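In case you want the letters, here they are:
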Amino acid sequence: MRRFGIIALALLVGSVMGFAAQKITWMSTQFVPIAEAEFIRNQVLAPFAEKTGIQVEFLGAEYAEFSSRIQAEYQAGKGEIAILCGLHGDLAPFAEALSDLKGTPLGGTIPEGLMKLGVIGGHQIYIPLVQATYLMVVNKKALDYLPEGADIWALTYDQLLQWAKNIYEATGEKKLGIPAGPKSLLHRFIHGYLYPSFTGYQVLAFDAGAAVKMWKFMQELWQYVNPAAPTWDAMDTPLLSEEVWIAWDHTARLKQAIIERPDDFIAIPSPAGPAGRGFITVLAGLAIPKTSPDPDAAAKLIEYLTTPEVQVKILQGVGFFPVVAEAAGAVPSGALQILAKGVSAQASSPDAIVSFIPGGISDEYKKIYKDTFFKFVIKGEPVDVKFLRQQATRLRQLYLEADAPYPAPDGS
Amino acid sequence: MNAGLRKLLGTDTLLPYWLLLPTLAFIGVFFLTPLVKAIILAFRSDSGTLTLEYFRRMVADTRFLDALKYTFLLAITIVPIQVVTALAMALLVNTGFKGSRFFLYLFALPLGISDLAAGLIWLSVFTQHGFLNSVLYHLGVIQRPIYFISYQNIGLTFLAVVVAEHWRATAIVMVILVAGLQMISKDYLEAAEVLGARGWKKIWYVILPLLKPSLQSALIIRTIFALQTFAVVLALAGDIIPVLAGEAYFWHFLYHNSHIASAYAVLLMAISIAMTWGYLRFLRSRMEVIRG
């Protein structure tokens, strides 16, 4: 009798509390490190609870746990997870377990180019939340040499060549910088920027005619790249020492330069080639499982997280860039604002070709892109179609061996 | 301890082996086990079949020939220069003039610096806006910086690596030679002087032949280390100058294929063994001629 009483009391208290404060669970593969998770809980979710009365329990998870949980809840037909956050590659495999979010109210405007990345099989399976990318940072001194008619916010590769050439002819120095050291992210530049910009694909056109033209262009461009490039892993140092005035790299590897001298640099979108403006977006998005116990509360959280203020807060707290167009203008001045402006301009370019990072295949693909670059561009050997074909075969073999799909833009 | 064991430990014949045991255990755990594992990785695929596929792919790699070439070029260039300089340094220190100890410590200083740090130190000397360019510019020798580290001027980059390696690793050769010099009995030197051999003659006919065992050890150690040169090259020349040890590192840590990385390691080991064997044979026969 006594035990029954305790259970009844517990049930009563539980239901009263549940009634007073709506409670949902948010599982995420992002913001997992303790400092980041604490930031999300205290700085992002606590104000949300105050505003809406919805308590969100943030649950950081490794991918293995994340995927098995989604799978299990979907198969059981009911679940506890109300909302999910993951990279594109984390969410895409579970398209059929996720609700169509078309028409979900948002707190800001997400560019069409980013929104459509979340569309799989005609359904909006996730809403983009934050992004990371690679772009160019330019010393303002270089602006004097910009070729006539070139728009710094919509540069082409031909204009970049002319620009670097102008600087070389005026100063005698090679001021263009591309990180080509052993631990650089050069492979990202090749598969996510050059290839899509010149051929429209990162895998499918590896040995196409357009690729031959691309490599020949790179040989020409390389004449104006600082010859120490193969020793650089990150471009912040050469930018600060002014060994280069124009540099491409990951935002995290450029940030330090702008933090130290925010008045000297601007961040601009990567150039466009004949096929469009190829660039990589590392995109994290929000999804609602079909088994979500409270889809309405989850939708409210999505609206809240996509407001410019919250997007800016996340940028300041964990360094991921906003996806909402209005957020770029809301970042307080300083290094982050300069970078955010560049990231936003790149993401909303009308000629954007968004590339994803290959997932699930052997890291050897990096070597295939880098070795080809090394041979044709750094060593300057004539562009050899037979070699390109050989490398292309090996690259496709890596995807075959892993039974992995080609990443965007090839796969979309 | 029972009497039997004490007897066993106490016997003159077995005691040395007991004393060697910790060293043997150390070598077994930290050298032999990884060595055997690397060899297995290089020859056996994940499915367990024996294969030469990893060596085939290593040789077919676009960077392999360059890496092989530069590894040998570096060893061939660095080792002789180092031995000559180290000999000069050792002779200087060994003369025992006032303040010679100071030079010993000065020369040995780079020994305490890790090779990657040494590479970075020299990088700050040779970069476009580095110390060397600054000095040359202020002296009016150059109008604009020289690209010492440049894929377009591999010769200069190579020279920078040689200078850095020379600075970093000559001391180890010197230490071995100083030890060797101190083992040479004064009697020989006094006898030589009495018989009229001075200066170069004394060095050439008395000291060098007696120093040969130390030279041999120094050469073997330095050559093996030169073949493994990696961190200095990585820091100074990045991807401009590929070397075998670097390729092994990249295959393992960047491309996550330990099979091919191990193939490189096995190749390096084979070259090292061949070189050591060469030194032992070459230098021994010469010594016998001298003794005879």
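These numbers were taken from a predicted model, which means no experiment stands behind them.

The rules we used
Residues numbered from 1 in each chain as written. Chains lettered and ligands numbered in written order. Predicted model: local features only at pLDDT ≥ 70, side-chain atom pairs only at ≥ 80, totals over all residues. Helix = DSSP H or I, 4+ residues; strand = E, 2+ residues; numbered from the N terminus. Rg over C-alpha atoms; globule rule 2.2 N^0.38 Å. Buried ≥ 20, exposed ≤ 12 C-beta atoms within 10 Å, placed from the backbone. Contact = placed C-beta atoms within 7 Å. Domains from an automatic or database assignment. Nonpolar A, V, L, I, M, F, W, Y, C, P; charged D, E, K, R; others polar. Pairing = 2+ DSSP bridges. pLDDT = per-residue confidence, 0-100. Core = buried A, V, L, I, M, F, W, Y, C linked by C-beta atoms within 7 Å. Axes fitted to C-alpha atoms, helices over the stretch in contact; angles between N-to-C directions. Parallel < 35°, antiparallel > 145°, perpendicular 65-115°, else oblique. Expected span 1.5 Å × (residues − 1).

**Focus: the overall build of chain A**
1) Next: If you tally the helices and strands in chain A, you get 16 helices and 12 strands.
2) Next: The globule rule puts the C-alpha radius of gyration for 412 residues at 22 Å, and the 24 Å found for chain A is close to it.
3) Next: Each principal axis of the C-alpha distribution contributes one length, and for chain A these read about 90 × 50 × 35 Å.
4) Next: In chain A, buried positions account for 48% of the 412 residues.

**What to know about the overall build of chain B**
1) Next: Along its length, chain B carries 13 helices and zero strands.
2) Next: For chain B, the sequential pattern of α-helices and β-strands runs α-α-α-α-α-α-α-α-α-α-α-α-α.
3) Next: For chain B, the C-alpha atoms occupy an extent of roughly 65 × 55 × 40 Å along the three principal directions.
4) Next: Across the 292 residues that make up chain B, the buried fraction comes to 30%.
5) Next: Put simply, 68% of the contacts in chain B that link residues at least 6 apart link residues at least 24 apart.

**Observations regarding unusual backbone geometry**
Glycine aside, the phi torsion of most residues is negative, and most peptide linkages are trans.
1) Next: With an omega of 5°, the peptide bond between Ala408(A) and Pro409(A) qualifies as cis.
2) Next: Structurally, the position occupied by Pro409(A) is in the segment after helix H16 (385-402).
3) Next: Positive phi is not limited to glycine here, since Glu242(A) has a value of about 60°.
4) Next: If you trace the backbone, Glu242(A) turns up in the loop between helix H9 (236-240) and strand E8 (246-250).
5) Next: The backbone of His256(B) shows a phi angle near 50°, a positive value even though the residue is not glycine.
6) Next: The class for His256(B) is exposed, based on 12 C-beta atoms found within 10 Å.

**Here we look at helix H11 (residues 295-305) of chain A**
1) Next: Counted residue by residue, H11(A) has eight buried out of 11 residues, so it is predominantly covered.
2) Next: Buried residues of H11(A): Ala297(A), Ala298(A), Ala299(A), Lys300(A), Leu301(A), Ile302(A), Tyr304(A) and Leu305(A), and no others.

**Let's talk about the domain arrangement of chain A**
All names here are of chain A.
1) Next: Looking at chain A, the domain boundaries give domain 1 (2-130 + 282-333) and domain 2 (133-280 + 354-402).
2) Next: Computed over C-alpha atoms, the centres of domain 1 and domain 2 are 35 Å apart.
3) Next: In this complex, domain 1 contributes seven residues to the contact, which on the side of domain 2 involves eight residues.
4) Next: Partitioned by chemical class, the residues of the side of domain 1 that touches domain 2 number three nonpolar, four polar and no charged.

**A look at the pairing of E8(A)**
Residue and element names in this part refer to chain A.
1) Next: For E8, the tally of buried residues reaches five of five residues, placing the bulk of the element in the interior.
2) Next: Strand direction decides the pairing type here: strand E6 (residues 127-139) and E8, joined by five bridges, are antiparallel. When the sheet's bridge partners are listed, valine 138 is paired in E8 with isoleucine 246.
3) Next: In the sheet, strand E7 (residues 176-177) pairs with E8 via two bridges, with the strands oriented parallel. By the bridge assignment for E8, glycine 177 is matched with alanine 247.

**Looking at the interface of chain A and chain B**
Accessible area lost upon the coming together of the parts serves often as the stated size of an interface.
1) Next: Across the contact, 19 residues belong to chain A and 21 residues belong to chain B.
2) Next: Considered class by class, the residues forming the side of chain A that touches chain B number seven nonpolar, four polar and eight charged.

**Topic: the confidence of the model for chain A**
1) Next: For chain A, the mean per-residue pLDDT works out to 91, and 95% of the residues sit at or above 70.
2) Next: Below pLDDT 50 for its whole length, residues 11-20 of chain A participates in one contact with residues either more than four positions away or in separate chains.

**Considerations on the nonpolar core**
1) Next: Of all hydrophobic cores here, the largest spans 187 residues; its most connected members are Val137(A), Leu286(A), Leu177(B), Leu236(B) and Tyr264(B).
2) Next: Considering every element that reaches this core, the biggest residue donor is helix H4 (residues 64-94) of chain B, with 11 residues.
3) Next: Three or more residues apiece are contributed to this core by two domains, here domain 1 (2-130 + 282-333) and domain 2 (133-280 + 354-402) of chain A.
4) Next: In contact with Leu286(A), other than residues within four places in its own chain, are Ile83(A), Leu84(A), Cys85(A), Tyr126(A), Ile127(A), Leu129(A), Ile302(A) and Leu305(A).

**With respect to the packing of H4(B) against helix H5 (residues 100-108) of chain B**
Residue and element names in this part refer to chain B.
1) Next: Packing of H4 against H5 leaves a shortest axis separation of 8 Å and a crossing angle of 150°. Taken together, the axis directions place H4 and H5 in an arrangement best described as roughly antiparallel. Contacts from Met89, Leu92 and Val93 of H4 reach H5 at Ser100, Phe103, Leu104 and Phe107.
2) Next: Per-class residue counts for the contact of H4 with H5 are six nonpolar, one polar and no charged.

**A few points about the environment of Pro358(A)**
Residue and element names in this part refer to chain A.
1) Next: Note that proline 358 resides in the loop between strand E12 (352-355) and helix H15 (364-378).
2) Next: On the basis of neighbour count, proline 358 is assigned to the buried category, with 25 C-beta atoms found within 10 Å.
3) Next: Spatially, the C-alpha atom of proline 358 lies 9.1 Å from that of glycine 89, the residues being 269 residues apart in sequence.
4) Next: Residues within four places of proline 358 in sequence aside, it is in contact with Tyr365 and Pro407.

**What about helix H3 (residues 63-76) of chain A?**
Residues and elements named next belong to chain A.
1) Next: With 14 residues, H3 should reach 20 Å at 1.5 Å per residue; the first-to-last C-alpha distance of 20 Å fits that figure.
2) Next: Each element contacted by the buried residues of H3 is listed here: strand E1 (22-28), strand E3 (81-87) and helix H4 (88-91).
3) Next: Positive phi appears at glycine 77, one or two residues downstream of H3, with a value of about 80°.

**Points about the confidence of the model for chain B**
Predicted coordinates in areas of low pLDDT are best not read in detail.
All names here are of chain B.
1) Next: In the predicted model, chain B carries a mean pLDDT of 87, and the fraction of residues at 70 or more is 93%.
2) Next: When pLDDT is averaged over each helix and strand of chain B, the minimum, 63, is found for helix H1 (residues 3-10) and the maximum, 94, for helix H3 (residues 53-60).
3) Next: The complex prediction reports pTM at 0.82, with the ipTM value standing at 0.80.

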